[in-house]
Amino acid sequence: MSAAIIRATGLWTPPYSISNEELVTAFNAYVEHYNTQHAAEIARGELEPLQPSSVEFVEKASGIKSRYVVEKDGILDVKRMTPNIPARPNDEVAILAEIGANAARDALERAGKTPADVDGIIVAASNLQRAYPAVAIEVQMALGMEHGFGFDMNVACSSATFGMQAAADMIAAGNARAILVVSPEITSGHLNWRDRDSHFIFGDVATAVLLERDDLGEGGWKIIGSRLKTQFSNNIRNNFGFLNRAERATGDNGPLQNGSPMDDKLFVQEGRKVFKEVVPMVSEMIREHMDDLGLEPDEMKRVWLHQANINMNLMIAKKVFGREAGGEDAPTILDEFANTSSAGSIIAFHRHSEDLRAGDRGVICSFGAGYSAGTVFVEKL
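Overview of the structure. (Residues numbered from 1 in each chain as written. Predicted model: local features only at pLDDT ≥ 70, side-chain atom pairs only at ≥ 80, totals over all residues. Heavy atoms only, no water.)

**Quick notes on the packing of aromatic side chains**
Stage number 1. In the structure shown here, the tally under the stated rule is eight aromatic pairs.
Stage number 2. Centre to centre, the rings of F202 and F267 are 4.8 Å apart; their planes meet at 85°, and the pair counts as edge-to-face. Linking F202 in the loop between β6 (178–186) and β7 (204–213) with F267 in the loop between α8 (244–247) and β10 (268–269), this pair joins segments that are 65 residues apart in sequence.
Stage number 3. With relative accessibility at 3%, the residue F202 sits in the buried group.
Stage number 4. Ring centres of W304 and F349 lie 4.8 Å apart, and the angle between their planes is 85°; on these two criteria the pair is classed as edge-to-face. Of the two residues, W304 sits in strand β11 (residues 300–305) while F349 sits in helix α12 (residues 344–351), which places them 45 residues apart along the sequence. Considered together, W304 and F349 belong to a single accessibility category, that of buried residues.
Stage number 5. Cluster of aromatic residues (ring-pair linked, three or more members): W221, W304 and F349. (Phe/Tyr/Trp six-rings, centres within 6.5 Å; stacked < 30°, edge-to-face > 60°. Helix = DSSP H or I, 4+ residues; strand = E, 2+ residues; numbered from the N terminus. Buried < 20%, exposed > 50% of the residue type's maximum accessible area, 1.4 Å probe, protein only.)

**Observations regarding a negative patch on the surface**
Stage number 1. Taken together, the side chains of E284, E288, D291, E296 and D298 make up a negatively charged region of the molecular surface.
Stage number 2. In this structure, D291 sits in helix α9 (residues 271–293). (Patch = residues over 30% accessible without salt bridge, like charges linked within 9 Å, V, L, I, M, F, W, Y side chains within 5 Å. Areas by Shrake-Rupley, 256 points an atom, 1.4 Å probe, with all protein chains shown as cover. Salt bridge = Lys/Arg side-chain N within 4 Å of Asp/Glu carboxyl O. Lys, Arg positive; Asp, Glu negative; His and termini not counted. Charge placed at Lys NZ, Arg CZ, Asp CG, Glu CD.)

**Some remarks on the sheet that holds strand β12 (residues 361–368)**
Stage number 1. Pairing is mixed in the open sheet, where nine strands are placed in the order β5-β4-β6-β7-β1-β8-β13-β12-β11. A single partner strand is all that each edge strand has here, and the edge strands are β5 (149–153) and β11. For this sheet, the mean inter-axis angle between neighbouring strands, taken without regard to orientation, is 25°.
Stage number 2. The pairing of strand β4 (residues 120–124) with β6 spans four bridges and is classified as parallel. For G120, the partnering residue across the bridge sits in β6 and is I179.
Stage number 3. In the packing of α12 onto the sheet, contacts are made with β1 (4–12), β7, β8 (221–230), β11, β12 and β13 (372–380), and the angle to β1 comes to roughly 100°. (Pairing = 2+ DSSP bridges. Axes fitted to C-alpha atoms, helices over the stretch in contact; angles between N-to-C directions. Contact = heavy atoms within 4.5 Å.)

**As for the pattern of salt bridges**
Side chains that differ in sign of charge can pair as their charged atoms come close.
Stage number 1. Taken as a whole and judged by the stated rule, the model has 16 salt bridges.
Stage number 2. A salt bridge links R361 to E299; the nearest nitrogen and oxygen atoms lie 4.0 Å apart. On the criterion of sequence distance, the pair formed by R361 in strand β12 and E299 in the loop between α9 and β11 is long-range, its members being 62 residues apart.
Stage number 3. Where R302 meets D355, a salt bridge forms, and the shortest distance between an N and an O atom there is 2.8 Å. Highlighted residues: R302 in strand β11 and D355 in the loop between α12 and β12, separated in sequence by 53 residues.

**Here we look at the state of the cysteines**
Stage number 1. Per the stated rule, a full pass over the model turns up zero disulfides.
Stage number 2. Left without a disulfide partner, C157 is nearest to the cysteine sulfur of C365, which lies 12 Å away.
Stage number 3. Residue classification places C157 among the buried residues on the basis of a relative accessible area of 11%.
Stage number 4. Given the relative accessible area of 0%, C365 is considered buried. (Disulfide = S-S within 2.5 Å.)

As structure tokens, then:
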């Protein structure tokens, strides 16, 4: 049976970045406008006043300092506070397919491969642009692949690692020579930029991982084990979907408002509960997988973790290594990129893996809504 190799990764970064200072200024202007507009209701005790945010609060709570976005002005517009991404005609490449194809081309170029060498595309992402046709098939078309297959999958922030295991299994079974796992994440579209507790969390990006049969090239990373886990939880949720149209009252087509019943059609979470429940779940999963693979903590050079919260990552890394860990042991990119959902652990791997030597081992680990978690242990060739 053939083995799957991670031959290369690719990254596409949006052209715009929003600093915490810019974001907080816009948010606080919205808060002031809202409180002024509803001053009478607030005075009567019918509404709670909104509370301002601060740069210090954002950085302490998350470790995030900035985030990339595909469109900036709409997010910072107090009257809009959502990105302005015009709809494209159906005969033009959709924006999600476009940025996914950009990341895929980067991975192919780094591996010295062409689309003709690839048999499959898996678009594994939290925020798919539409139900069908599959975005992956459009990425396939954008790359000029006239053969092979493509399909979409969504396991929230764990989508990339779930996609990698699916790709590796198909390659091992002889169903494909190489597969691209593409994670285009325009998370700015599902974020409630009017919510103090979450308005700073997400950023946009696209990543790609090229997995290939081991005898078709040299270099890269051997997958020595992968494992997936899910456990139902409502603590991270997004209720947006095609049934929303059937749920709404006749004529109820107004804009989303802070505190309205429509807020749960965007990203919502119980952050403290997530922290308390996910850290031990993920830490135990990694350690149990290490034990099954016969790996000791001192044999692990690096953990490339999902990039949601610096405090979560430091705690997980400490449990994995059995000591204080961070920096080189558990590199972070969320200070620059923020939470990019399924792409985060791949960006960390992409940015912080080339310095390792042949034989060095580490784990790519994702975790998020579901709950879901995936571990992919790798060894550099």
